[in-house]
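A structural walkthrough
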Amino acid sequence: MRDGAWRLFPGRQFLIHEGPDSASQLGGSYGCVEILDGRWNDFLADIERLGGATAADVGRKMALKVAIQSAPFPTATLAN
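Residues numbered from 1 in each chain as written. Predicted model: local features only at pLDDT ≥ 70, side-chain atom pairs only at ≥ 80, totals over all residues. Heavy atoms only, no water.

**Things to note about unusual backbone geometry**
One non-glycine residue, Asp37, lies in positive phi territory at about 55°. Relative to the helices and strands, Asp37 resides in the loop between strand S3 (33-35) and helix H1 (40-51). Positive phi outside glycine occurs at Met62, with the angle close to 50°. Look at Met62 and you get exposed, because its relative accessible area is 60%. (Helix = DSSP H or I, 4+ residues; strand = E, 2+ residues; numbered from the N terminus. Buried < 20%, exposed > 50% of the residue type's maximum accessible area, 1.4 Å probe, protein only.)

Printed below as a string of structure tokens:
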């Protein structure tokens with residue numbers, strides 16, 4: 001598992017992880033959630049604020065529940 005990634009479903013390979021810092025960088029992992037544009041530290045700060053502990057402790061204790069809502073797949077086009 002990539003350093004700093006969080007498992008969405010224990011025993012499965014769906015992760016929340018740091019993504020690219022700009023639109024000019026490629027990223028994306030099918031089934032994963034990427035935190036984009038250099039906002040990873042903001043994401044971790046929110047986890048710590050809401051969880052009342054360090055992000056590592058929240059993860060170790062599995063003290064965070066993530067609600068995933070379905071959304072339609074976006075229409076993608078290739079840039080020329």
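**Here's the deal with H1**
In this model, H1 (12 residues) spans 16 Å end to end at C-alpha, consistent with the 16 Å of a helix rising 1.5 Å per residue. Of the residues trailing H1, Gly52 is marked for its positive phi of about 70°. (Expected span 1.5 Å × (residues − 1).)

**Quick word on the pattern of salt bridges**
All told, the structure shown has three salt bridges when counted by the stated rule. Asp42 is the salt-bridge partner of Arg39, the closest N and O atoms lying 2.6 Å from each other. Of the charged contacts, one joins Arg60 and Asp57 as a salt bridge, the two residues approaching to 2.5 Å between their closest N and O atoms. Of the two residues, Arg60 and Asp57 are both situated in helix H2 (residues 55-60); the distance of three residues between them amounts to about one turn of the helix. Judged by relative accessible area, which is 24%, Asp57 ranks as partly exposed. (Salt bridge = Lys/Arg side-chain N within 4 Å of Asp/Glu carboxyl O.)

**Topic: the nonpolar core**
Judged by nonpolar contacts, Ile16, Ile35, Trp40, Phe43, Leu44, Ile47, Ala55 and Val58 together constitute the single largest core of eight residues. For this core, the secondary structure elements donating two or more residues are H1 and H2. The leading source of residues in this core is H1, at four residues. (Core = buried A, V, L, I, M, F, W, Y, C linked by side-chain atoms within 4.5 Å.)

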